[in-house]
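# What the coordinates show
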Amino acid sequence: MRLRHTAAWAGVTAAALMATSACGTEGAKTAAKAVDNADMIMAALARATDRTENVGSAQVSMTTVTPMTGPITMDGTYSWGHGFAFDVLMDTKAVQMQRLHAAAKTRSLFVDGAYYYDIDPQPSGPLKGKEWMKLDASAVFGDKGAQAFQGSSGSPVAAMKGLKYANNVKDLGKETVDGQSATHYRAVVDKEQMGKFKKAFGDQNGLFGSATGGVGDSVTMDVWVGAKDLPVRMKQRFGGMTVTINFEKFGATAAIKAPPAAQTGDVTEQVKKTTAQQQG
């Protein structure tokens, strides 16, 4: 991710300068300045990516908007130091889980490639007497799409690593975010680079497929980086989905573990079967 040391980045810089050399000295100077500015921005984002990867976890507040829902808010812990995982509270009504959980907030975990939802014990079926519902990521994104969650993929770090494929980066200046002074960067990955961007996430038409309303022709990412080279806020827009993450505190978070198997009802195969019937 240290693009200033990457041969490919040097090649892009050289190509840009060569393309503008026929415009005269002033044109070359302008182009050189633009390239130098882009290089500085990417170097700053590289430092932020490295710092974020090293801290391994964060307390976050997150809002997701999709074509199928209004805002879905989640608050809790995201972890990526030993594989992507999270432990959050989300609005029960927003995720349409009222039939399974009466409380206003529902606890949700993601660990070892599966989602777990804290529910009210059900009177019958696979959730009879169970306190947790399990749903493997493959039931949502398919077997290949679920591979996107291996390692740190799927985490905020993976999103930041994908910035190296952006072909349009800007420094939008200083702003105050959650009471902190931060530099606002914007990066756009267009359709020509989308294949590489998806590959950075380990995606196989899963995460960026129909479940998110389609990735569209581009991904726009805004990152606000604070004084310690750590993100204060991240906002991603792709297809019909917008995801905003506020980073409240980095590191020192508890390990995220799956609930006891005896308290868990697995609905993965049932969901896969229902999905196959609907698509058939």
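Conventions used here
Residues numbered from 1 in each chain as written. Predicted model: local features only at pLDDT ≥ 70, side-chain atom pairs only at ≥ 80, totals over all residues. Heavy atoms only, no water. Phe/Tyr/Trp six-rings, centres within 6.5 Å; stacked < 30°, edge-to-face > 60°. Buried < 20%, exposed > 50% of the residue type's maximum accessible area, 1.4 Å probe, protein only. Lys NZ or Arg CZ within 6 Å of the ring centre and 35° of its normal. Helix = DSSP H or I, 4+ residues; strand = E, 2+ residues; numbered from the N terminus. Pairing = 2+ DSSP bridges. pLDDT = per-residue confidence, 0-100. Contact = heavy atoms within 4.5 Å. Salt bridge = Lys/Arg side-chain N within 4 Å of Asp/Glu carboxyl O. Polar contact = N/O pair within 3.5 Å; in protein donor to acceptor, adjacent residues only side chain to side chain.

A separate point is the packing of aromatic side chains. Overall, the coordinates contain nine aromatic pairs when judged by the stated rule. Residues Tyr78 and Phe86 carry aromatic rings whose centres are separated by 5.4 Å and whose planes lie at 15 degrees to one another, so their mutual orientation is stacked. The same class applies to Tyr78 and to Phe86, which are both buried. Joined through ring pairs, the aromatic side chains of Tyr78, Phe84, Phe86, Phe110, Tyr115 and Tyr117 make up one cluster. Across the ring face of Trp224, the terminal group of Arg233 is positioned such that the distance to the ring centre comes to 5.7 Å.

Another point: the pairing of strand S4 (residues 105-111). Counting buried positions along S4 gives five out of seven residues, so the element sits mostly inside the fold. The pairing of strand S3 (residues 85-91) with S4 spans six bridges and is classified as antiparallel. Among the inter-strand pairings, Asp87 is bridged to a residue of S4, identified as Leu109. Of the pairings in the sheet, the one linking S4 to strand S5 (residues 114-118) comprises four bridges and is antiparallel in character. Residue pairing in the sheet places Val111 in a bridge with Ala114 of S5.

This part is about the confidence of the model for the protein chain. Keep in mind that low pLDDT regions are not for reading the predicted coordinates in detail. Mean pLDDT for the protein chain: 77, with 73% of residues reaching 70 or above. Within the model, the stretch residues 1-35 combines pLDDT values under 50 with 25 contacts to residues more than four positions away or in other chains.

Once that is clear, we can look at the pattern of salt bridges. A side chain of one charge can pair with a side chain of the opposite charge when the charged atoms of the two come close. Scanning all chains against the criterion turns up six salt bridges. Via salt bridges that share partners, Arg186, Asp222 and Arg237 belong to a single interconnected network.

What follows deals with the side chain of His101. By the secondary structure assignment, His101 is in the loop between S3 and S4. Polar contacts involving the side chain of His101 include one to the main-chain carbonyl oxygen of Lys105, which spans 3.5 Å. Residues contacting His101, with those up to four places away along its chain left out, are Thr92, Thr106, Asp118, Ile119 and Asp120.

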